[in-house]
Amino acid sequence: MPGLVTLGETMAVLGSPRPGPLRHAPHLELSIGGAESNVAIGVRRLGHPAAWIGRVGADEFGALVLERLRAEQVEVSGALVDPDAPTGLLVKEQRTPDVTRVQYYRTGSAGSRLCPADVDAAAAVITGAGVLHITGITPLLSPSAAGAVARAVELAVAAQVPVSLDVNHRAALGGAELLRERLAPLLPHLSHLFGGEEELLLLADATDEPSAVARLGGPELVVKRGARGASVYPADGGPELHRAAVPVRALDPVGAGDAFVAGYLTALLDGAPVAERLRLACLTGAFAVTVPNDWSGQPTRDELGLLDAEAGTTLR
Ligand code: ATP
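Along each chain, numbering runs from 1 in the same order as the chain's sequence is written. Restriction of local features to residues with pLDDT of at least 70 applies here, the model being predicted, together with a cutoff of 80 or more for giving and counting side-chain atom pairs; totals for whole chains, interfaces and linings are based on all residues. Side-chain metrics rest on all non-hydrogen atoms present in the structure, leaving aside hydrogens and water.

*Asks:* Can you tell me about the overall build of the protein, naming the residues and giving the values?
*Replies:* The helix and strand labels rest on DSSP assignments: H or I over at least four residues marks a helix, E over at least two residues marks a strand, and numbering proceeds from the N terminus. Assigned secondary structure in the protein consists of eleven helices and 14 strands. Burial statistics for the protein: of 316 residues in total, 53% are counted as buried. Accessible surface area values rest on a Shrake-Rupley calculation with a 1.4 Å probe, where residue burial reflects the displayed protein chains alone. Element-wise, carbon and sulfur atoms account for 54% of the exposed surface of the protein, whose accessible area totals about 14100 Å². Residues counted as positive are Lys and Arg, residues counted as negative are Asp and Glu, and His and the chain ends are not counted. Where a charge sits is defined by one atom per residue type, namely NZ (Lys), CZ (Arg), CG (Asp) or CD (Glu). Between the averaged position of the 26 positive side-chain charges in the protein and that of its 36 negative side-chain charges there is a distance of 4 Å. Only protein chains enter the area calculation, which uses a 1.4 Å probe; residues under 20% of their type maximum are buried, those over 50% are exposed, and those in between are partly exposed.

What follows is the structure, given as structure tokens:
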């Protein structure tokens, strides 16, 4: 059964479970994080095969990344262990209950050394997939990582595999100009483009949504609007579809976007129409905000009804 394939950098994540300056944290929790692998985990939990291509260092953090992905049954045969660079690290500080500060230690990391030859070595995983998912993070990591993404898209397009991209703009990796420069060559090949409202304006170099949609026109455009839900502008130019967010007790908004994309692409792999893709995406996005971790709150298929349960429900 063809599933999702994705490529990018997955890092070790260190974070304090308590609000306050990190220097006073008595201990840190260790996890992993990466937008692309978060999507792979979400799709896999919902029942489709998912594969991740990337590099990790020959270190404990790298072993952790691969071990976690394997535990989630994400296929990692296309992943490489790079003996010459460390696994990237992300440090999360819950400075106040409402403000999280994130520090990246990824310059020169193994993940940023991903290159086109790595993708060629995993070509069969891409050409046999039901969808290739990429983000705007990977092309900004390094010229070789940008080349790896371009090569993956080339392979997918030649094999008629749909290509989805989530803008995921990380200002620490580069400004709007670099984002536009690195993503512009990919845009004509996309079947689905995801982004937040601001990110899409940035990418299109536009000041309002209608002109951004017109400039990015081509792929199915999915606009994520946080607690206000999401909208789809269909590729055939049909009317915009909007769906309100599922009301939940939100603990941590980070990771909602990846879980949303996982729901959307799962429904795409199911062969579901656009309204159902949007419905499932809003549901999986809502699940993600209910837990204080980027990816661990993503649901399995049989958990999808849980958000309808009343507060205080105990399932025995
Ligand atoms: P991330 O912080 O992961 O980068 P993002 O900015 O890419 O997130 P959001 O727009 O924050 O993505 O969230 C994606 C989707 O998740 C929204 O379109 C919505 O459907 C759902 N969602 C986000 N926040 C909430 C919330 N507070 N309550 C319910 N659903 C939410």
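*Asks:* I'd love a proper account of the site of the ligand, names of residues and values included.
*Replies:* The cutoff for a nearby residue is simple: one of its non-hydrogen atoms must lie within 4 Å of the molecule or strand. Around the ligand sit 20 residues in total, of which Lys-224, Gly-226, Gly-229, Gly-255 and Gly-257 are the nearest. Counting of polar contacts relies on pairs of N or O atoms within 3.5 Å, with two restrictions inside protein: one atom must be capable of donating a hydrogen and the other of accepting it, and residues adjacent in sequence are counted only when both atoms are side-chain atoms. The separation between an oxygen atom of the ligand and a polar side-chain atom of Lys-224 is 2.9 Å. The separation between an oxygen atom of the ligand and a polar main-chain atom of Ala-256 is 3.3 Å. Across the complex, the protein chains shield 81% of the 620 Å² of accessible surface that the ligand would expose by itself. Under a 2 Å grid-point criterion requiring more than half of the atoms, the pocket assigned to the ligand is the largest pocket. Counting residues per element, the ones that place at least two in the shell around the ligand are helix H10 (256-270) and helix H11 (274-289). Here the shell around the ligand takes four residues from H11, the largest share from any one element. Classifying every residue of the shell around the ligand by side-chain character gives 13 nonpolar, five polar and two charged. Definitions used throughout: a 1 Å grid over protein atoms alone; a cavity as a set of points that fits a 1.4 Å probe which cannot get out; a pocket as an open set with protein on both sides within 12 Å along at least five of seven lines; a lining residue as one with an atom within 4 Å of a point. Assignment of a molecule to a cavity or pocket requires that more than half of its atoms lie within 2 Å of the corresponding grid points. Three classes are used: nonpolar for Ala, Val, Leu, Ile, Met, Phe, Trp, Tyr, Cys and Pro, charged for Asp, Glu, Lys and Arg, and polar for all others, with Gly counted as polar.

*Asks:* Which residues make up the sheet that holds strand E8 (residues 99-105), and what are the values?
*Replies:* Here four strands make up an open sheet; going across it, the order is E3-E2-E7-E8 and the pairing mixed. Because the sheet does not close on itself, it has two edges, and the strands there are strand E3 (29-33) and E8. The mean angle between the axes of side-by-side strands here comes to 25°, regardless of whether they run parallel or antiparallel. Any two strands with at least two DSSP bridges between them are considered paired. Note that strand E2 (residues 11-15) and strand E7 (residues 89-96) share four bridges and pair parallel. Bridging across to E7, Leu-14 finds its partner in Val-91. Structural elements are reduced to axes, namely lines fitted to C-alpha atoms, with helices fitted over the stretch in contact, and the angle between N-to-C directions of any two is expressed from 0 to 180 degrees.

*Asks:* Got a sec to walk through the side chain of Ser-164? Specific residues and values, please.
*Replies:* Inspection of the secondary structure assignment puts Ser-164 in strand E10 (residues 163-166). A polar contact of 2.6 Å, which involves the side chain of Ser-164, links it to the side chain of His-133. The criterion used for residue contact is that any of the two residues' heavy atoms lie within 4.5 Å. Discounting residues that sit within four places of it in the chain, Ser-164 has contacts with Val-131, Leu-132, His-133, Ile-134, Ser-191, His-192, Phe-194 and Leu-265.

*Asks:* Outline the packing of H10 against H11, supporting the account with residue identities and numerical values.
*Replies:* Running from amino to carboxyl end, H10 crosses H11 at an angle of 150°, the nearest separation of the two axes being 7 Å. With respect to H11, the axis of H10 lies roughly antiparallel. Viewed along their axes, H10 and H11 form a crossing whose handedness is right-handed. On H11, the residues that touch Ala-256, Ala-259, Phe-260, Gly-263, Tyr-264, Thr-266, Ala-267 and Leu-268 of H10 are Val-274, Glu-276, Arg-277, Leu-278, Leu-280, Ala-281, Cys-282, Thr-284, Gly-285, Ala-288 and Val-289. Here the angle decides the label: under 35 degrees means roughly parallel, over 145 means roughly antiparallel, 65 to 115 means roughly perpendicular, and every other value means oblique. A clockwise turn of the near helix away from the far one marks a right-handed crossing, whereas an anticlockwise turn of less than a right angle marks a left-handed crossing.

*Asks:* Outline the sheet that holds strand E13 (residues 230-233), listing residues and values.
*Replies:* With mixed pairing, the eight strands of this open sheet are ordered in space as E4-E1-E9-E10-E11-E12-E13-E14. Unpaired on one side and paired on the other, strand E4 (50-53) and strand E14 (241-243) mark the two borders of the sheet. Neighbouring strand axes in the sheet, compared pairwise and without regard to direction, differ in orientation by 20° on average. Pairing of strand E1 (residues 4-7) with E4 involves four bridges; the strand directions are parallel. Each residue of the ladder has a partner; that of Leu-4, found in E4, is Ala-50. On top of the sheet, H11 reaches strand E11 (192-196), strand E12 (220-224), E13 and E14; it is set at about 25° to E14, its chief contact.

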